[in-house]
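Survey of secondary and tertiary structure
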Amino acid sequence: MSKRQVFFSFEYEKDNWRASQVRNMGKVDDSSTFSDNDWEEVKCKTDKEIKKWIDSQLAKRSCLVVLIGKTTSTRKWIKYEIEKAYELNKGIVGIYVHNLKDNNGNQTSKGSNPFYNIYVGEKNERLSKYVTCFDSIFSTSTYVYDDIKDNIEDLIEEAIENRDNY
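About the criteria used
Residues numbered from 1 in each chain as written. Predicted model: local features only at pLDDT ≥ 70, side-chain atom pairs only at ≥ 80, totals over all residues. Heavy atoms only, no water. Phe/Tyr/Trp six-rings, centres within 6.5 Å; stacked < 30°, edge-to-face > 60°. Helix = DSSP H or I, 4+ residues; strand = E, 2+ residues; numbered from the N terminus. Buried < 20%, exposed > 50% of the residue type's maximum accessible area, 1.4 Å probe, protein only. Pairing = 2+ DSSP bridges. Right-handed = clockwise from strand over helix to strand, strands pointing away. Salt bridge = Lys/Arg side-chain N within 4 Å of Asp/Glu carboxyl O. Expected span 1.5 Å × (residues − 1). Disulfide = S-S within 2.5 Å. Arc of directions from axis to C-beta. Patch = residues over 30% accessible without salt bridge, like charges linked within 9 Å, V, L, I, M, F, W, Y side chains within 5 Å. Areas by Shrake-Rupley, 256 points an atom, 1.4 Å probe, with all protein chains shown as cover.

1. What to know about the packing of aromatic side chains
Given two aromatic rings, their pairing is described by the distance between the two centres and the angle made by the two planes. Counted according to the given criterion, the structure contains 6 aromatic pairs. Both rings, one in Trp77 and one in Tyr80, keep their centres 5.9 Å apart while their planes meet at 85°; by these two values the pair is edge-to-face. Pair noted here: Trp77 and Tyr80 are both in helix H4 (residues 76–87), with a separation of 3 residues, about one helical turn. Following the ring pairs from residue to residue traces out a cluster consisting of Tyr86, Tyr130 and Tyr166.

Structure follows, in structure tokens:
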């Protein structure tokens, strides 16, 4: 099976170090892993340009992977990415990254589910009812890393298979 092209959604300021660990596990297609310089460049664009960039990137991907940190659920661009992925019928999955260490060796507290306050479908149900959020059973960063690495491909495949159910 070939590696999937995915779009990683995460809060850049607080979680870029944690996100880079997941992005660089070698489990997804290389085109999914933008460099930190690419992310920095996007941050400098206007809202209209950011939306256009997100839309074009998501259109090329089969799945949105939301890397969930302490305050991920409060970020407007992450909400936009989730809503756009839903609109484009992409697979959507969440992975909690709060127990991965940052560049200073710190972990953080678990954030809220970013899918909880997004309503979808004719019944106007919470997207969190349908989207898996993987939270490692481990608390030690190296074990969390290994757990995510061992499961991320299956999580992505399940999200893609599940996309017609929400």
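2. As for the pairing of strand S3 (residues 91–96)
Among the 6 residues in S3, 6 count as buried, and that is most of the element. On S3, burial covers both faces: Gly91, Val93 and Ile95 on one face and Ile92, Gly94 and Tyr96 on the other are all buried. As paired elements, strand S2 (residues 63–68) and S3 share 6 bridges and run parallel to each other. Directly across from Val66, in S3, lies its bridge partner Gly94. In this region the chain leaves S2, passes through H4 and returns to the parallel neighbour S3; the handedness of that crossover is right-handed. Of the strand pairs in this sheet, S3 and strand S6 (residues 133–134) are connected by 2 bridges, and their pairing is parallel.

3. Quick notes on the pattern of salt bridges
By the definition in use, this model includes 11 salt bridges. Across the pair Asp135 and Lys110 runs a salt bridge, and its minimum N-O distance is 2.7 Å. Pair noted here: Asp135 is in the loop between S6 and helix H5 (141–162) and Lys110 is in the loop between S3 and strand S4 (119–120), with a separation of 25 residues, a long-range link. Judged by its relative accessible area of 29%, Asp135 is partly exposed. What you see here is one network of salt bridges that share partners, running through Asp15, Arg18 and Asp102.

4. Comments concerning helix H1 (residues 12–23)
Here H1 contains 12 residues, and its C-alpha end-to-end distance of 13 Å is more than 12% below the 16 Å for a straight helix at 1.5 Å per residue. Among the residues making up H1, those that are buried are Tyr12, Asp15, Arg18, Ala19, Ser20, Gln21, Val22 and Arg23.

5. A word on the state of the cysteines
With the rule as written, the count across this model stands at 0 disulfides. Here Cys63 stays free of any disulfide, with the sulfur of Cys133 as its closest cysteine sulfur at 12 Å. Look at Cys63 and you get buried, because its relative accessible area is 1%. What makes Cys133 partly exposed here is its relative accessible area of 21%.

6. Focus on helix H3 (residues 47–59)
Taking 1.5 Å as the rise per residue, H3 with 13 residues should run 18 Å; its terminal C-alpha atoms sit 18 Å apart, in good agreement. Along H3, the residues that are buried comprise Ile50, Trp53, Ile54, Gln57 and Leu58. Down the axis of H3, the buried set is contained in an arc of 125°. They therefore lie on one face. More than 90 degrees from the buried face of H3, the exposed residues found are Lys48 and Lys52.

7. Quick word on a nonpolar patch on the surface
A surface patch of nonpolar side chains, about 360 Å² in accessible area, is lined by Ile137, Phe138 and Tyr143. The exposure class assigned to Ile137 is exposed, which follows from its relative accessible area of 75%.

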